[in-house]
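# Architecture at a glance
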Amino acid sequence: MTLVAHDAAVDGLDRFRTLVAKQQPTWPDAEALGQAVARLSAAPPLVVPAEADLLTTRLAAAGRGEAFLLQGGDCAETFADAHADRIRNKIRTILQMAVVLTHGASTPVVKMGRMAGQYAKPRSSDEETRDGVTLPAYRGDMVNSHDFSPEARRPDPQKLVEGYEISAATLNVLRAFTTGGSADLRRVHEWNRGFMRNPAYSRYERTADEIDRAIRFMDACGADFDALRTVEMYVSHEALLLDYERALTRVDARSGKAYDTSGHFLWIGERTRDIDGAHVEFLSHVSNPIGVKLGPTTSPGDAIALIEKLNPAGRPGRLTFITRMGSGRIREALPPLVAAVRDHGSPVTWVTDPMHGNTITSDSGYKTRRFDDVLDEVRGFFEVHRAAGTVPGGLHVELTGDDVTEVLGGSEEIDDAGLALRYETLVDPRLNHQQSLEMAFQVAEMLRA
Ligand SMILES: O=C[C@H](O)[C@H](O)COP(=O)(O)O
Ligand SMILES: C=C(OP(=O)(O)O)C(=O)O
């Protein structure tokens, strides 16, 4: 592997600097920003091109219906939570869900964390006012701190470097966990059996029994369980902070192509997907597999323009559309997009994000989502793709491996009063461990239907 420093000439890589970049912090100290960028530009890559290329082939398979993507993790990772237990719980939750979904889809599940870099958030407002005091909004730990004080909310470029270092440490835990034997299929299934011991989840008993029988059948046939001790897992985040993403971009000397080595998969958010904006321009020049979030106002013309800009060569697996319409709108808003993209002919992997279109404020004032709305959006996603003859290729969810109370509902019926018990997210509400598994069982049923 030879990766050349970020300033190597790749046509167009810096053109984004001439365009409008939305949702960027106003860094108060330009010199400190320059120092942070210089430090990152010389830093080792977090991922390498060969891994990104392999993921592209996996996403291409998901786009054809030969695999299914599970992408999950925090809305906003925090530096404080980057310790072994929390990271392990999250990975474990994703692996547990993946086993259930593999059974439902009867295809491999591509596992991807919203992890090791999900430290920057787009916000509805640049500022936050409390009791008559107005300060810059919290934009994620890689920009400023959540505490409500002028010092904490001041964007600090040193946090970009800290974010890189914590991403490296997180990735290290992930690589150890997924290759060191902890992800053994039989062990993951045992964890799922533990979940099933709660009578609240007895309705999933049949699926759990079927998985049990399938594993015993594999065993009887002499399956090599040692080979299943290692799982392939990728990391992703929203490529929001262009100073950071550009500084971690390297050129692969063999191919001459640029890769953003901050994560395997990068996505462009709903708020920054303007076709003439800096984010789309920048990511059009890196060779990683990339995603774009599409909300309910996306027109068929917008979708086609994004395809032509981001994947002009029609490389399978290069481009994923992550739709987040809202349960009440998906059945009207998605069909015209799917039809236009299908008729255009360029390959796209379609994924549902059933979280971001279903955010509400509870009576008690918490930003939350209803578990039933989230599931209904997934159901709508399958219905639309089945009607159009296209492939529902994956699921993108905000989740945690911990026992938080942020999303209403689920079999354990978190209600408005229950939200206050363990509401820990700094931005958007996440499915807790149990809700995540429950979702996997329900989506597995939809996949089998
Ligand atoms: O995760 C998505 C956005 O960053 C988030 O929904 C924005 O939240 P806000 O409307 O509270 O700014
Ligand atoms: C901001 C996010 O989503 P969206 O761009 O879809 O609003 C997100 O996924 O964190």
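Everything quoted here is computed from the prediction, not taken from an experiment.

Parameters and conventions
Residues numbered from 1 in each chain as written. Chains lettered and ligands numbered in written order. Predicted model: local features only at pLDDT ≥ 70, side-chain atom pairs only at ≥ 80, totals over all residues. Heavy atoms only, no water. Axes fitted to C-alpha atoms, helices over the stretch in contact; angles between N-to-C directions. Helix = DSSP H or I, 4+ residues; strand = E, 2+ residues; numbered from the N terminus. Parallel < 35°, antiparallel > 145°, perpendicular 65-115°, else oblique. Left-handed = near helix turned anticlockwise from the far one by under 90°. Contact = heavy atoms within 4.5 Å. Phe/Tyr/Trp six-rings, centres within 6.5 Å; stacked < 30°, edge-to-face > 60°. Lys NZ or Arg CZ within 6 Å of the ring centre and 35° of its normal. Salt bridge = Lys/Arg side-chain N within 4 Å of Asp/Glu carboxyl O. Buried < 20%, exposed > 50% of the residue type's maximum accessible area, 1.4 Å probe, protein only. Core = buried A, V, L, I, M, F, W, Y, C linked by side-chain atoms within 4.5 Å. Near = heavy atom within 4 Å. Polar contact = N/O pair within 3.5 Å; in protein donor to acceptor, adjacent residues only side chain to side chain. Areas by Shrake-Rupley, 256 points an atom, 1.4 Å probe, with all protein chains shown as cover. Nonpolar A, V, L, I, M, F, W, Y, C, P; charged D, E, K, R; others polar. UniProt positions renumbered as here; feature names shortened; annotations may be inferred.

### Digging into the packing of helix H3 (residues 84-105) against helix H5 (residues 158-179)
Remark: H3 packs on H5, axes separated minimally by 10 Å, with the N-to-C direction vectors making an angle of 50 degrees. When the axis of H3 is compared with that of H5, the two are oblique. For the crossing formed where H3 meets H5, the hand is right-handed. When H3 is examined against H5, the residues Ile87, Arg88, Ile91 and Leu95 are found in contact with a partner set consisting of Thr170, Val173, Leu174, Phe177 and Thr178.

### With respect to the packing of aromatic side chains
For the coordinates displayed, the defined rule picks out nine aromatic pairs. Aromatic pair Phe16 and Phe282: ring centres 5.1 Å apart, planes at 65 degrees, arrangement edge-to-face. Linking Phe16 in the loop between strand S1 (3-4) and helix H1 (30-41) with Phe282 in helix H9 (residues 278-283), this pair joins segments that are 266 residues apart in sequence. With a centroid separation of 6.5 Å and 15 degrees between ring planes, the pair formed by Phe68 and Phe382 is classed as stacked. A residue pair is termed long-range when its members are at least 10 positions apart, and Phe68 in strand S2 (residues 68-73) and Phe382 in helix H12 (residues 371-388) qualify at 314 residues. Through a chain of ring-to-ring contacts, three or more aromatic side chains come together here, namely Phe195, Tyr201, Tyr204 and Phe441. Here Arg92 stacks its cationic end above the ring of Trp191, 4.6 Å away from the centre of that ring.

### Some details on the pattern of salt bridges
Summed over all chains, the structure comprises 39 salt bridges. Salt-bridge contacts for Glu281 lead to Arg15; the nearest nitrogen and oxygen are separated by 3.4 Å. Linking Glu281 in helix H9 with Arg15 in the loop between S1 and H1, this pair joins segments that are 266 residues apart in sequence. According to the relative accessible area criterion, Arg15 is partly exposed, its value standing at 43%. Of the charged contacts in the structure, one is a salt bridge between Asp402 and Arg86, with a shortest N-O distance of 3.5 Å. Taken together, the positions of Asp402 in the loop between strand S15 (392-398) and helix H13 (416-419) and Arg86 in helix H3 put the pair 316 residues apart, joining distant regions of the chain.

### With respect to the nonpolar core
With 73 residues, the main nonpolar core has Tyr244 and Met439 as its most contacted residues. Ranked by the residues each element gives to this core, the list is headed by H3, at ten residues. The residues contacting Tyr244, other than those within four sequence positions of it, are Leu40, Leu46, Met142, Leu160, Gly163, Tyr164, Ser167 and Ser262. In this structure, Leu242, Val251, Leu266 and Val348 belong to the second largest nonpolar core, which totals 36 residues.

### Regarding the packing of helix H11 (residues 330-344) against H12
Across the interface, H11 lies against H12 with an axial gap of 9 Å and an inter-helix angle of 40 degrees. Crossing handedness for the pair H11 and H12: right-handed. Every residue of H12 that contacts H11 at Ile330, Arg331, Leu334, Pro335, Val338 and Arg342 is listed here: Asp376, Glu377, Arg379, Gly380, Phe381, Glu383, Val384, His385 and Ala388.

### Section: the site of ligand 2
The full set close to ligand 2 counts 13 residues, and Arg114, Lys121, Glu270, Lys293 and Arg324 are the nearest of them. The side chain of Arg114 places a nitrogen or oxygen atom 2.9 Å from an oxygen atom of ligand 2. In this structure, Arg271 approaches ligand 2 through a side-chain N or O atom, which is 3.1 Å from an oxygen atom. Contact with the protein chains hides 97% of the accessible area of ligand 2, taken as 290 Å² for the molecule alone. Looking at side-chain class alone, the shell around ligand 2 contains two nonpolar, three polar and eight charged residues.

### Describing the UniProt feature "binding site: phosphoenolpyruvate" (unreviewed entry) in the protein
Under the feature "binding site: phosphoenolpyruvate" (unreviewed entry), the UniProt entry names Arg114, Glu270, Arg271, Lys293 and Arg324. Assignment of secondary structure puts Arg114 in strand S3 (residues 109-114). At 2.9 Å, the side chain of Arg114 forms a polar contact with the backbone oxygen of Asp74. The residues touching Glu270, leaving out its near neighbours within four places in the chain, are Lys293, Leu294, Gly295, Thr297, Thr298 and Arg324.

### Thoughts on the environment of Met355
Within the secondary structure layout, Met355 lies in the loop between strand S12 (349-352) and strand S13 (359-361). For the pair Met355 and Glu377, spaced 22 residues apart in sequence, the C-alpha separation works out to 8.6 Å. Each residue touching Met355, except ones within four places of it in the same chain, is listed here: Arg369, Val374, His396, Val397, Glu398, Pro429 and Leu431.

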